[in-house]
Each structure stands twice: as C-alpha cells, then as structure tokens.
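Commentary on secondary and tertiary structure
One-letter residues, chain by chain:
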Amino acid sequence: MALQCGIVGLPNVGKSTLFNCLSNAKAQAANFPFCTIEPNVGVITVPDERLSRLAELVHPGRIVPTTVEIVDIAGLVKGASKGEGLGNKFLGNIRECDAIIHVLRCFDDDNVTHVDGSVDPVRDKEIIDTELQLKDLETIESRIQKVQKQAQTGGDKQAKQVYDVLVRYKEALEQGLNARTVQFESKDEQKIAHDLFLLTSKPVMYVCNVDEGSAVSGNAYVEQVRQAVKDENAEILVVAAKTEADIAELETYEDRQMFLQEIGLEESGVSRLIKSAYKLLNLETFITAGEMEVKAWTYHKGWKAPQCAGVIHTDFEKGFIRAEVIKYEDYIQYGSEAAVREAGKLAVEGKDYVVQDGDIMHFRFNV
C-alpha cells in the first residue's frame, strides 16, 4: 500500500533538510530556490514500539515495521499556478500525493535568505494556498463548462449532481477557502468530490520549522500559524529541522536520546512527524506475530477483517473464514499466545469485524 505524503512549502523553509532527516535519500539542502528539481521519494519506516515489545516475548527471526512514502517536492513560488518557477510540474507532483505536509518557516536566520525578504509563516501559507486554490479553480471551471448544459437542460440527474458539487467547490475557492472545508452528505456526492482529485481537498499537516530553542514550546511565529489555521481542522507539528539533522548524524540510539533529553524532548520531531503523517493518511496497523517474524501491516481505518486479510494476500480475502484476534495489551499481559488462549482472551471474529489499531491477527481461509 504505497501511500504518499508530499512535503510542500516556499523555497528555503527547510523542506529538504526535513526530508533528509526522514530518509536515507539525501536531497540537496542549499541556500537558493529550486535546489530540489526532481521530487525525491523516501520510503520511511513508521516507528512502533509495540513491535519491539512483542519481539521480546516471541523471539522472532526478524521484525518488519510498516512504511509510508514521503515525497520532497521542490519549492513553490507565487505564480506557480500560471507556471512560474517550475509551477505546473510541482503542482502535478502534489496531485499524485495522498496528503500534504506543509512546511512553514518559523525561525529567524540572517544566513538563510527568504524568497519574499522577511519571515512571515502566515503570509507564506497563504501564498501556497492561493496557488493551489487557483489551480483547483481552473480544474473546476473546466469541468463546469463540460457538464453545465447537460445539467441544466438535458434532464441528466448524474450531470446535475456533478454540477452541484462543482458549483459548491467553485463558491468556496472563490472565497479563498480550501476545498477540504466543503463537506458533502451523500456517498454519491463524496465519490464525485473524491474523483476530482483537487489539490486543496487533500488532508494537510502544518510543520512549523523552528530554531532549537523553540523546539519544545514553539514561539510567536507558531502561535500566528495556530490562529491562522484554527478553523481548518488541520494538525500542527513543531519541529526544529536543523537540530533534527544534527540528531540524525549521531551513530547510536543512546546518543540520540541523550541529545533529545538535553533539549527537553521525549521523542524526536522526525518520529512524531512520521506517526502523524501515517494518521493523516487515515492509516492504522495490525500485527502478525510468530517465530519467523513480528510484522506490522498497514490498513485503512474502518476496514473489516476480510479486507485486512487481503493486505497479506488476495487469497486470504477471497477464502476468508474467520480471524483470530488478540488485543495487544492482552498479549503483553499474558506473555504468549498460548497463555492468552488459556485466559479466554482470544476472540474469534467473522467478516463484519472492524479491525482495531494494534490488533494481533491470525486469519483462517480456504481457497
């Protein structure tokens, strides 16, 4: 399940520095616009302490965490929707992503030039929003031209429904609102909306890139961002990307943890960002645990047992009989699958069971 989060922002806000911390792939982090011309893609391991704790009990041959793809997209600039900078190409890269990580510069540094001459994260956010909204408006107006006549004169119910969705989006975008602020009630409308693949309909997380001294509690710039996005139902994460880069260069886990403690953090910003990106994509994890391996599997929140079985192999879904489910907490408490069974804590679930994050699953199937 190769789902992608795209890192976006103006040039020189710290996108590539952050990406370098997230991935072994090294994007060029230089002090000038457009140093990242091609989108860099990193396959990022999702930190999950549950796997390590289970491995201590199971003693598997290997531990296999789940992953998410992060795409470092070159810096957008004002006019990108009209092709300024390398606008059209960058916007195309964003369209292919499932969610957006929007990096905002929330630090002062005279040695790092700002493309607009001063530090103002809210203005920067609005520049990116405007460019994405203009591109979406272009998409919407093009679609309206195609269906308007059918919707208004042809008696075509489906065309009328598509037209109504397009008009609602057009009204919002013309008011400077993102498409994600528009909610649809019916499943038909939701499907029409989804199939438009609008840039501003994608879920977003704002990453406030701060200096080391602001890594724990944020700063005045971060508060400005919080106020600006309070009605967007978006997550905000505070990360000191340059400090994270220094941490990433330390060789041992112990050294990295010591560094974090010294600046007052329990967990690295990178780790928090990856976990948040995973949730942003509406993903959860179920686990299989045996002598060969303890493995995390990615599924969409709300999926039922047969769909999750299909993540392992399509035959598991086709021939699904039942799922044997152990709650993670029960496995840790009793120490083994046998002890869980003996305590009566192993549940046998059918095809309507909605899988929960952290469930330890064993599927029975017959093809």
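The following paragraphs examine the structure supplied in this document. (Residues numbered from 1 in each chain as written. Predicted model: local features only at pLDDT ≥ 70, side-chain atom pairs only at ≥ 80, totals over all residues. Heavy atoms only, no water.)

**Things to note about the overall build of the protein**
Stated formally: Only DSSP runs of H or I with at least four residues qualify as helices, and only runs of E with at least two residues qualify as strands; both kinds are numbered from the N terminus onward. Relative accessibility decides the category of a residue: with a 1.4 Å probe and only protein chains considered, values under 20% of the type maximum give buried, values over 50% give exposed, and everything between is partly exposed. The contact criterion used throughout is that any non-hydrogen atoms of two residues lie within 4.5 Å. Using a 1.4 Å probe, accessible areas were evaluated by the Shrake-Rupley method; residue-level cover was limited to the displayed protein chains.
Tallying secondary structure elements over the protein gives 14 helices and 12 strands in all. For the protein, with 367 residues in total, the buried portion stands at 49%. Sequence-distant contacts, at least 24 apart, represent 70% of the contacts inside the protein between residues at least 6 apart. Accessible area of the protein: about 18,500 Å², with a carbon and sulfur share of 47%.

**Details of the environment of T66**
The following threshold applies: Any N or O atom pair separated by 3.5 Å or less is treated as a polar contact, with the protein-specific requirement of one donor-capable and one acceptor-capable atom, and with residues adjacent in sequence counted only for side-chain atom pairs.
Position of T66 relative to the elements: it lies in the loop between β3 (62-64) and β4 (67-72). For the pair T66 and E284, spaced 218 residues apart in the sequence, the C-alpha separation amounts to 9.9 Å. Among the polar contacts listed, one links the side chain of T66 to the side chain of T298, at a separation of 2.2 Å.

**Observations regarding the packing of aromatic side chains**
To be explicit about the condition: Stacked, edge-to-face and tilted labels apply to pairs of Phe, Tyr and Trp rings (six-membered ring for Trp) whose centres lie within 6.5 Å, assigned for plane angles under 30 degrees, over 60, and everything in between, in that order. Geometrically, a lysine NZ or arginine CZ counts as sitting over a ring once it is within 6 Å of the ring centre and also within 35 degrees of the ring normal.
If you walk through the whole model with that rule in mind, you get six aromatic pairs. Here the aromatic cluster, defined as three or more aromatic residues joined through ring pairs, consists of F286, W297, Y299, F320 and F363. Seen from the ring of F107, R105 lies directly overhead, with NZ or CZ sitting 4.4 Å from the centre.

**Considering helix α7 (residues 220-228)**
Here is the rule: Directions pointing from the helix axis toward each C-beta atom define the arc.
By the burial criterion, the buried members of α7 are Y221, V222 and V225. Burial along α7 is one-sided: seen end-on, the buried residues are contained in an arc of 100°. Those residues of α7 that are exposed and aimed more than 90 degrees away from the buried face are A220 and Q227. In this fold, the buried residues of α7 make contact with β5 (99-105), α4 (121-153), β6 (204-209) and β7 (235-239). For α7, the side-chain oxygen to backbone nitrogen distance between the N-cap and Y221 is 3.1 Å, and the N-cap itself is N219.

**Thoughts on the pattern of salt bridges**
Let me state the cut-off plainly: In what follows, salt bridge is the name for a side-chain nitrogen of Lys or Arg lying within 4 Å of a carboxyl oxygen of Asp or Glu.
Here the structure, examined in full by the defined rule, presents 17 salt bridges. As a salt-bridge pair, D164 and K160 come within 2.9 Å of each other at their nearest N and O atoms. With D164 and K160 both in helix α5 (residues 157-174) and four residues apart, this pair spans about one turn of that helix. The shortest N-O distance in the salt bridge between E174 and K170 comes to 2.6 Å. Within this pair, E174 and its partner K170 are both found in helix α5, separated by four residues, close to a single helical turn.

**Considerations on the sheet that holds strand β1 (residues 4-8)**
Rules: Pairs of strands are assigned from DSSP output, requiring at least two bridges between the strands. Lines fitted to the C-alpha atoms define the axes, with helices restricted to the stretch that makes contact. Angles between their N-to-C directions range from 0 to 180 degrees.
Across the sheet, six strands lie side by side as β2-β4-β1-β5-β6-β7; this open sheet has mixed pairing. Every interior strand has two partners, whereas the edge strands, β2 (40-45) and β7, have only one. Ignoring which end each strand starts from, the neighbouring axes of this sheet average 25° apart. Two strands pair when backbone bridges link them, and β6 and β7 are joined in this way by five bridges, in the parallel orientation. Each residue of the ladder has a partner; that of C208, found in β7, is V238.

**A look at the packing of α5 against helix α6 (residues 187-194)**
The condition that has to hold: Two helices that cross are described as forming a left-handed crossing if the nearer one is turned anticlockwise from the farther one by less than a right angle, and a right-handed crossing if clockwise. Polarity classes work like this: nonpolar for Ala, Val, Leu, Ile, Met, Phe, Trp, Tyr, Cys and Pro, charged for Asp, Glu, Lys and Arg, and polar for all others, with Gly in that last group.
At a minimum axis distance of 10 Å, the contact between α5 and α6 shows a crossing angle of 65°. Handedness of the crossing formed by α5 with α6: right-handed. Here Q161, V162, V165 and Y169 of α5 come into contact with α6, specifically with D188, E189, I192 and A193. Looking at the contact of α5 with α6 residue by residue, the classes come out as five nonpolar, one polar and two charged.

**Description of a negative patch on the surface**
Spelled out, the test is: Patch criteria: residues need more than 30% relative accessible area and no salt bridge. Like-charged residues are merged within 9 Å; nonpolar side chains of Val, Leu, Ile, Met, Phe, Trp and Tyr are merged within 5 Å. In this tally, Lys and Arg are treated as positive and Asp and Glu as negative; His is ignored, and so are the chain termini. Note on charges: their place is set at NZ of Lys, CZ of Arg, CG of Asp or CD of Glu.
Taken together, the side chains of D108, D110, D211, E212, D246 and E249 present a region of like negative charge at the surface. The topology assignment puts D211 in the loop between β6 and α7.

**A word on unusual backbone geometry**
One non-glycine residue, N12, adopts positive backbone phi at about 65°. The residue N12 is located in the loop between β1 and α1 (15-22) in this model. One non-glycine residue, N282, lies in positive phi territory at about 65°. Note that N282 resides in the loop between α10 (269-280) and β8 (283-289). N282 sits in the partly exposed class, given a relative accessible area of 39%.

**Some points on helix α8 (residues 241-248)**
Listing the buried residues of α8 in full gives A241, T243, E244 and I247. For α8, the angular spread of the buried residues around the axis is 155°, confining them to a single face. Packing partners of the buried residues in α8 comprise α1, β6, β7, α9 (253-263) and α10.

**Focus: the environment of V119**
Turning to its location among the elements, V119 is positioned in the loop between β5 and α4. Once the C-alpha coordinates of V119 and L104 are considered, the two residues, 15 residues apart in sequence, prove to be 9.6 Å apart.

**Observations regarding the packing of α8 against α9**
How two helices pack is summed up by the angle between their axes together with the distance between the axes. Operational definition: Working rule for angles: under 35 degrees goes down as roughly parallel, over 145 as roughly antiparallel, 65 to 115 as roughly perpendicular, anything else as oblique.
Two numbers describe how α8 lies on α9: the axes approach to 9 Å, and their chain directions differ by 150°. Comparing their axes, α9 and α8 come out roughly antiparallel. Relative to α9, α8 is oriented so that their crossing is right-handed. Two secondary-structure elements touch here, α8 through T243, D246 and I247 and α9 through R256, F259, L260 and I263. Classifying every residue of the contact of α8 with α9 by side-chain character gives four nonpolar, one polar and two charged.

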